[in-house]
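So the chains spell out like this:
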Amino acid sequence: MGIDGPECSRIVAGFWRLKHWGISGSTLLDFVHACLDMGVSTLDHADVYGDYTSEQVFGEAVAGGGARIQDSLRSRMQLVTKCGICLQHSHTRPGIDHQHYNTDREYIIGAAEASLENLRTDFIDVLLIHRPDVLMDADETAAAFEKLHSDGKVRFFGVSNFTPSQLSLLQSRLPFPLVTNQIELSVMHIEPLHDGTLDQCQERRIAPMAWSPLAGGRLFSDQNEQAQRLRRVLSEIGQETGGHTLEQVALAWLLRHPSGIFPVTGTGKSERIRSAADALAISLSREQWFRIWSASTGTGVP
Ligand SMILES: NC(=O)c1ccc[n+]([C@@H]2O[C@H](COP(=O)([O-])OP(=O)(O)OC[C@H]3O[C@@H](n4cnc5c(N)ncnc54)[C@H](OP(=O)(O)O)[C@@H]3O)[C@@H](O)[C@H]2O)c1
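Bear in mind that the values here come from a model prediction, so they are computed numbers and not experimental data.

### Focus on the overall build of the protein chain
Part 1 of the reasoning: Helix and strand counts for the protein chain stand at 14 helices and 10 strands.
Part 2 of the reasoning: Over its C-alpha atoms the protein chain spans a radius of gyration of 19 Å, differing by no more than 12% from the 19 Å that the globule rule assigns to 302 residues.
Part 3 of the reasoning: Across its three principal axes, the protein chain shows a C-alpha extent of roughly 50 × 45 × 40 Å.
Part 4 of the reasoning: Looking at the protein chain alone, contacts between residues at least 24 apart form 79% of all its contacts between residues at least 6 apart.

Following this line, the structure appears as structure tokens:
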């Protein structure tokens, strides 16, 4: 991922919805093993998921009661997590009445250390700033990254939901390259293709990670014209490519982009992880790719 970045799986498993899956302990451990066995070894977290509880639920399950995840298991996975959002009215961290962001040096270091504890690991593979903070002092944020890196607590860094100029600003203060910008991107949300975000990733060889790559499930449930057009065209192309499902074609559409997108799935079902991993085998022609673009925009290609 990125220049000299970590070896990550092209399909990433996201844990935002872990609380809603309602699984923990051995069931969650089984799901993690299933992901790893399918080659989906990069696991995406954030400190705020599950109202600041999901990292801990994950860490407890994967460490199996131990103080730390066993080395033999830890070496099979890459842990991505995020910090910087201070949730209002949190049940687990009360006292914040107005939601805000914090990218100050001490805050980031403290948040990363809390994630290390909760995930039961000695290092985070990739730490992201979760959302752009208009009060970000790039020198401070970079100083936090350098400290966490030199202490061996975080190996690589990235951002999430950053505009190209926000990313350039932070990069200008860092001695090492950011490896990713994790952004919302799917057949139903194609703005990053056209607003310079993916251009910058390709220019700087930063890997984009696509969150909600199936539009958070709306690809299957929305009844608007865009969703209906997309379901029809994706299904047609699924047949043309040898009997693939529409969600596999939606992922293949992201994978086809030259910036090297890493889709971050949100399912808690191992059979759907398998289906996503199988999308890696689909190769879309340019014509098929642009038919999906047209189904998304509702326009012909100019
Ligand atoms: N950086 C950020 O700001 C940010 C923001 C949001 C998310 N994320 C990351 O991105 C990850 C993915 O986001 P997401 O959960 O929105 O991704 P998604 O994969 O677009 O959506 C997942 C949802 O779609 C459903 N789904 C999947 N396949 C389906 C199918 N064939 N038919 C019907 N429903 C289906 C899933 O239900 P089932 O569980 O039943 O399969 C789940 O509810 C998160 O876990 C998180 O790690 C990051």
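### Some details on the sheet that holds strand β7 (residues 154-160)
Hydrogen bonding along the main chain pairs the strands of a sheet, whether they run parallel or antiparallel.
Part 1 of the reasoning: Reading around the barrel, the eight strands line up as β1-β2-β3-β6-β7-β8-β9-β10 and close back on themselves, with parallel pairing between neighbours. Taking each pair of neighbouring strands and ignoring which way they run, the sheet shows an average axis angle of 30°.

### Thoughts on helix α6 (residues 105-119)
Part 1 of the reasoning: The terminal C-alpha atoms of α6, which comprises 15 residues, lie 21 Å apart, in line with the 21 Å expected from a rise of 1.5 Å per residue.
Part 2 of the reasoning: Among the residues making up α6, those that are buried are I108, A111, A112, S115, L116, N118 and L119.
Part 3 of the reasoning: Elements in contact with the buried residues of α6: α4 (54-63), β3 (78-83), β6 (124-129), α7 (138-150) and β7.
Part 4 of the reasoning: Looking one or two residues past α6, R120 carries a phi angle of roughly 55°, positive in sign.

### Some words on the environment of G22
Part 1 of the reasoning: Looking at the secondary structure, you find G22 in the loop between α1 (18-21) and α2 (25-37).
Part 2 of the reasoning: A C-alpha to C-alpha distance of 9.5 Å links G22 and G268, two positions 246 residues apart in sequence.

### What to know about the site of the ligand
Part 1 of the reasoning: Around the ligand sit 25 residues, and of these G14, W16, G217, G266 and T267 come closest.
Part 2 of the reasoning: Partitioned by chemical class, the residues of the shell around the ligand number eight nonpolar, 12 polar and five charged.

### Quick word on the environment of G238
Part 1 of the reasoning: Within the secondary structure, G238 is located in helix α11 (residues 225-240).
Part 2 of the reasoning: With 19 C-beta atoms counted inside 10 Å, the residue G238 sits in the partly exposed group.
Part 3 of the reasoning: Considered as a pair, G238 and A250 are 12 residues apart in the sequence and their alpha carbons are 9.4 Å apart.
Part 4 of the reasoning: With sequence-adjacent residues up to four places away left out, G238 is seen in contact with G243, H244, T245, L246, Q248 and V249.

### Overview of the pairing of β7
Part 1 of the reasoning: Most of β7 is tucked away: six of the seven residues are buried.
Part 2 of the reasoning: Pairing of β7 with strand β8 (residues 180-184) involves two bridges; the strand directions are parallel. Bridge assignment links V159 to a residue of β8, and that residue is N181.
Part 3 of the reasoning: Each parallel crossover has a hand, and for β7 linked through helix α8 (residues 164-172) to β8 it is right-handed.

The rules we used
Each residue is numbered by its place in its chain's sequence as written, counting from 1. Selection of residues for local features in this predicted model requires a pLDDT of at least 70, selection of side-chain atom pairs for listing and counting requires 80 or more, and totals for whole chains, interfaces and linings are taken over all residues. The way it works is that DSSP assigns letters per residue, a run of H or I at least four long becomes a helix, a run of E at least two long becomes a strand, and they are numbered from the N terminus. As defined in this context, the radius of gyration uses C-alpha atoms, and a globule is described by 2.2 Å times the residue total to the power 0.38. Throughout, a pair of residues is in contact if the C-beta atoms placed from their backbones lie within 7 Å. Two strands qualify as a pair provided that DSSP identifies no fewer than 2 bridges between them. Here the axes come from fitting lines to C-alpha atoms, over the contacting stretch only for helices, and the angles between their N-to-C directions go from 0 to 180 degrees. Expected helix span is computed as 1.5 Å times (number of residues minus one). Think of it as a crowd count around each C-beta: if 20 or more other C-beta atoms lie within 10 Å the residue is buried, if 12 or fewer it is exposed, and in between it is partly exposed, with C-beta placed from the backbone throughout. Proximity of a residue to a molecule or strand is defined by its backbone-placed C-beta atom lying within 6 Å of that partner. Gly is placed with the polar residues, together with every amino acid not listed as nonpolar (Ala, Val, Leu, Ile, Met, Phe, Trp, Tyr, Cys and Pro) or charged (Asp, Glu, Lys and Arg). Convention used here: a crossover is right-handed provided that the path from the first strand, over the helix, to the second strand proceeds clockwise when the strands point away from the viewer.

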